[in-house]
Amino acid sequence: MTAMLLIEQALNGLQYGVMLFLMAAGLTLVFGVMGLINLAHGSLFMVGAFACAAVAGATGSFWLGLAASLAAAAAAGAIVEMTVIRRLYARDHLDQVLATFALILVFSEGTRWAFGSFPLYLDIPAALAGPVTLPGGLEYPLYRLVLIGVGLGVAAGLFWLIGRTRLGIRIRAGEADREMIAALGVDISRLYTIVFALGAALAGLAGALVGALQSVQVGMGEPVLILAFVVIVIGGIGSIKGALVGAILVGMTDTLGRFVLPLALGTVMSRSDAGAIGAALASMLIYILMAVVLVLRPGGLYGRA
Amino acid sequence: MRREPLLNGVLALALLAVPLAAWALDEPFVITLATKVAILALAGAGLNIALGYGGLVSLGHAAFFGIGGYAMAVLAAPVQNFDLLMSWPFEVPGTKSMPLIWLAAMSAGALAALVIGALSLRTAGVYFIMITLAFGQMLYYFAISWPAYGGEDGISIYVRNGFAGLNTLDPIQFFALAYGLLMAVLALTHMMVRARFGLALAGARQNPGRLAALGIRPFSLHLSAFVISGAITALAGALYADLNRFVSPSMLSWQTSGEIMVFVILGGVGRLFGPVAGAALFILLEHWLGGVSDYWKLFLGLILLGIVLFARGGLIGTLAGREDAHD
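Residues numbered from 1 in each chain as written. Chains lettered and ligands numbered in written order. Predicted model: local features only at pLDDT ≥ 70, side-chain atom pairs only at ≥ 80, totals over all residues. Heavy atoms only, no water.

Caption draft 1: Spotlight on helix H4 (residues 98-120) of chain B. Residues and elements named next belong to chain B. With 23 residues, H4 extends 31 Å from end C-alpha to end C-alpha; this agrees with the ideal 33 Å at 1.5 Å per step. Taken together, the buried positions of H4 are occupied by Met-98, Ile-101, Trp-102, Ala-105, Gly-109, Ala-110, Ala-112, Ala-113, Ile-116, Gly-117 and Ser-120. Of the surrounding secondary structure, the elements contacted by the buried residues of H4 are helix H3 (62-80), helix H5 (125-145), helix H6 (171-194) and helix H9 (218-244). (Helix = DSSP H or I, 4+ residues; strand = E, 2+ residues; numbered from the N terminus. Expected span 1.5 Å × (residues − 1). Buried < 20%, exposed > 50% of the residue type's maximum accessible area, 1.4 Å probe, protein only. Contact = heavy atoms within 4.5 Å.)

This is how it looks when you write it as structure tokens:
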């Protein structure tokens, strides 16, 4: 019984991890290529979720909503890049933090203005509703299983894009030496806009997919943003591979910690104490993981530093 | 030429004159607003030591602000519940005395800054920003899920803590305390910046390599600055909790970190009175825009964006000109 629950929680952790990867991949790309720390990445996650919920609500089709989320987040990303972010590349991190913090205020309050303070609800598409029986007799929600597949698929696509395509070569070259590739005739500012919009689209996709599991509301992006920061610090900033490994590590640690710690503490203390203390400790676990990684490898698992 | 000291004097006097006038006109709300400015400026003054003078971009100072607030509540709650702070191994009563609470808040803030700083300062730049942010979030989630001190609901302290010889429930007297602490901290900061420690810290910000070549380790300087900074922000947290007579995990949230940083940057990074100007402007904007629209944060965001993109150096930088160049 406990073994079944453990497997289910491990799958939940994996699902959580791949969704974090979608967020972390954009952040780490933007930082790696443009050297920009973007606090407003969580707002793009929110934009994706709201676009999906609004379009799905109006048309009744989750798939149209999903397409809308990608389009809206990519468009929001491109517009923000061209109007604000572009002016920040040459600035220090402090200005970047403050400007993107201001962007969060604009996005959050603008969304509250447009959609009100009440959460929207997004239903899981009918084709993906309900559980499936996995080998071993475990019943697991099909939608979450699909999310794991989508996340891993996007990861594979991203590795292919970065490693095997012309755009990927340019992105990697931009990371290594931006003056040189500009001198070689690559339109660097267009490249930056594309990279930013790509990261935004990934965040929007994550927002729409996760939006069906929880309520869609203003401020939903920031907790995910901070976890994505933890992920890329663990993985090493600028590394897509690090983001994937870090995301799965964080997703698993968080989900399994919340499940295992109260049980483990329950063997040495009363059940209610174990529940409370276990929950408090579990909420700190990923930060402890991050601290340990930093002490051992200050540049992250796959960092260059 | 030397416009900054003059501007500092004007700011210090204005922050004193406004509540005094409000007191004469019997407008307690304005006094409370001024008290809020003084306390938030104190939090910003703490961050300014790490951020402005040390060059350490910490996005986790809400941790220290919240620790100060919780130190106040943890010490004062047993008194209002007729309980003991701890009963084992020896009995310790709670306290309602502000100086003791301040001492406890600053010690707790310094200790937390020592641990967080020692780990975070292994890294630099963008890693440092993210790690301080993450440690702040860690304490936030801990405060939410730890049930002993109110969890998500926080704790109310019904009667403001006391200070010998003053009636702290009188707004103008509580303002005087906050203002006095702010001025004391700013005076100490001014002395610190000119002392050997402050000069070495400026050196570590401008050129760590050269400093290391002179035989001074930047790490210990940075850690000391971070600890001092954390202790001052914790003191502000204790005062802020006393102002509201309430603490909740929102004091630890990362928005609070962002706002404390906004005070410093709005006013001017590394300027002595920058946090005062920044906090005053922020509270005025909040008050004024909040009256205009429910969505005032949207306009605040646009104003902030405009300031970052077009008016570098903050208020003090705009009004007093660029800092004098050294050497």
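Having put the structure on the table, let's press on.
Caption draft 2: Highlighting the packing of aromatic side chains. Applying the stated criterion across every chain yields a total of 15 aromatic pairs over all chains. Pairing Phe62(A) with Trp63(A) gives two aromatic rings, centres 5.4 Å apart and planes at 85°, and the pair type is edge-to-face. What makes Trp63(A) partly exposed here is its relative accessible area of 48%. Here Phe64(B) and Phe226(B) contribute two aromatic rings whose centre-to-centre distance is 5.7 Å and whose plane-to-plane angle is 80°, an arrangement assigned as edge-to-face. Here Phe64(B) is found in helix H3, whereas its partner Phe226(B) is found in helix H9, with 162 residues between them in sequence. Of the two residues, Phe64(B) and Phe226(B), both sit in the buried class. Three or more aromatic residues link up through ring pairs in this structure, and these residues are Phe62(A), Trp63(A) and Tyr143(A). In this structure, Arg160(B) is placed above the aromatic ring of Phe174(B), and the distance from its NZ or CZ to the ring centre is 4.2 Å. (Phe/Tyr/Trp six-rings, centres within 6.5 Å; stacked < 30°, edge-to-face > 60°. Lys NZ or Arg CZ within 6 Å of the ring centre and 35° of its normal.)

Caption draft 3: Geometry of the environment of His41(A). Residues and elements named next belong to chain A. With respect to the element layout, His-41 can be found in helix H2 (residues 41-59). The exposure class of His-41 is buried, given its relative accessible area of 2%. His-41 sits 159 residues away from Ala-200 along the chain, and the two C-alpha atoms are 7.0 Å apart. Leaving out residues up to four positions away in the same chain, His-41 has contacts with Met-23, Gly-26, Leu-27, Gly-199, Ala-200, Ala-203 and Leu-225.

Caption draft 4: Highlighting a nonpolar patch on the surface. A cluster of nonpolar side chains, Ile288(A), Val292(A), Val295(A) and Leu296(A), forms an exposed patch at the surface whose accessible area comes to about 350 Å². Residue placement: Val292(A) occurs in helix H11 (residues 271-296). (Patch = residues over 30% accessible without salt bridge, like charges linked within 9 Å, V, L, I, M, F, W, Y side chains within 5 Å. Areas by Shrake-Rupley, 256 points an atom, 1.4 Å probe, with all protein chains shown as cover. Salt bridge = Lys/Arg side-chain N within 4 Å of Asp/Glu carboxyl O.)

Caption draft 5: Here's a closer look at the packing of helix H1 (residues 2-34) of chain A against helix H9 (residues 221-235) of chain A. Residue and element names in this part refer to chain A. Where H1 contacts H9, the two axes come as close as 9 Å, and the packing angle between them is 80°. On the basis of the axis angle, H1 is roughly perpendicular to H9. Only Val-224, Leu-225, Leu-227, Ala-228, Phe-229, Val-231 and Ile-232 of H9 make contact with H1, whose side of the interface consists of Tyr-16, Leu-20, Met-23, Ala-24, Leu-27 and Thr-28. (Axes fitted to C-alpha atoms, helices over the stretch in contact; angles between N-to-C directions. Parallel < 35°, antiparallel > 145°, perpendicular 65-115°, else oblique.)

Caption draft 6: Quick look at the side chain of Thr255(A). Tracing the backbone through its elements, the reader meets Thr255(A) in helix H10 (residues 240-266). Not counting chain neighbours up to four residues away, the residues in contact with Thr255(A) comprise Gln9(A), Asn12(A), Gly13(A) and Tyr16(A).

Caption draft 7: Local environment of unusual backbone geometry. All names here are of chain B. Of note in this structure, Phe-82 is not a glycine but carries a positive phi near 50°. Note that Phe-82 resides in the loop between H3 and strand E1 (84-86). Given the relative accessible area of 79%, Phe-82 is considered exposed. Of note, the phi angle at Arg-245 is positive, near 55°, even though the residue is not glycine. Classification of Arg-245 by relative accessible area gives partly exposed; the value is 32%.

Caption draft 8: Expanded view of the packing of H4(B) against H5(B). Residues and elements named next belong to chain B. The N-to-C vectors of H4 and H5 enclose an angle of 145°; their axes lie 10 Å apart at closest approach. Viewed along their axes, H4 and H5 form a crossing whose handedness is right-handed. Contacts between H4 and H5 pair Ile-116, Leu-119 and Ser-120 from the former with Phe-128, Ile-131, Thr-132 and Phe-135 from the latter. Split by residue class, the contact of H4 with H5 holds 5 nonpolar, 2 polar and no charged. (Left-handed = near helix turned anticlockwise from the far one by under 90°. Nonpolar A, V, L, I, M, F, W, Y, C, P; charged D, E, K, R; others polar.)

Caption draft 9: Seen up close, the interface of chain A and chain B. Counting from both sides, the interface comprises 46 residues of chain A and, opposite them, 44 residues of chain B. Roughly 4200 Å² is buried in total at the junction of chain A and chain B, and carbon and sulfur atoms are behind 84% of that figure. Seen at the junction of chain A and chain B, the total is 0 salt bridges. Where chain A packs against chain B, one counts 6 residue pairs in polar contact (both at pLDDT 80 or more). Listing elements by their share of the side of chain A that touches chain B, those giving two or more residues are helix H4 (93-115), H9 and H11 of chain A. Broken down by element, the side of chain A that touches chain B gets its largest block of residues, 16 residues, from H4(A). The residue makeup of the side of chain A that touches chain B, split by class, is 34 nonpolar, 6 polar and 6 charged. (Buried area = accessible area lost by both parts, 1.4 Å probe. Polar contact = N/O pair within 3.5 Å; in protein donor to acceptor, adjacent residues only side chain to side chain.)

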